[in-house]
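Each chain is listed here by its residues.
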Amino acid sequence: MPLNRLNPVDLSPPTGFSHAVTATGSRLVFLAGQTALDAEGKVTGTSLPEQFEQALTNLLTALRHAGGTPADLARVTVYATDVADYREQAPQLGRIWRKLAGRDYPAMAVIGAVRLWDEQCLVELDGVAVLD
């Protein structure tokens, strides 16, 4: 496995992320920001969980086409237009993550954004994966 997830006991217990990820693979995959766009380029869903699920599906689709799996994700950045709503919805978003990506959590950050490229979008995810 090219990734080693590190969660030191002297840091707060991570919930839905890893504190650090080391990578020893030979191929990096940089994943562009994905939002809740469907295959026709239309925004789907009106709630944060609906949009998060579509954005994560899109990110994982791009990763799969590059030859990777969710376990290969070393880093994911989440851009949210409402961080308070993201925190409130975190349990449901965690269930969506586990359903689509499993329990191998990358290093993650959530960043508040005033707006995203498509104004109706509530969330965007980008990432870096490491493949053997």
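Placed above this text is the structure.
Description of the structure in this document. Being a predicted model, the structure only gives us computed values, none of them experimental.

### A word on the environment of Pro13
Relative to the helices and strands, Pro13 is located in the loop between β1 (3-6) and β2 (20-23). Given the relative accessible area of 70%, Pro13 is considered exposed. Separated by 72 residues in the primary sequence, Pro13 and Asp85 place their C-alpha atoms 22 Å from one another.

### A few points about the pattern of salt bridges
Under the definition given, this model contains two salt bridges. Residues Glu53 and Lys99 are paired through a salt bridge, measuring 2.6 Å at the closest nitrogen-oxygen approach. You can see Glu53 sitting in helix α1 (residues 48-65) and its partner Lys99 sitting in helix α2 (residues 83-101), a full 46 residues away along the chain. Judged by its relative accessible area of 57%, Lys99 is exposed. For Glu119, the salt bridge identified is with Arg115, shortest N-O distance 3.8 Å. Classification of Glu119 as exposed rests on a relative accessible area of 61%.

About the thresholds
Residues numbered from 1 in each chain as written. Predicted model: local features only at pLDDT ≥ 70, side-chain atom pairs only at ≥ 80, totals over all residues. Heavy atoms only, no water. Helix = DSSP H or I, 4+ residues; strand = E, 2+ residues; numbered from the N terminus. Buried < 20%, exposed > 50% of the residue type's maximum accessible area, 1.4 Å probe, protein only. Salt bridge = Lys/Arg side-chain N within 4 Å of Asp/Glu carboxyl O.

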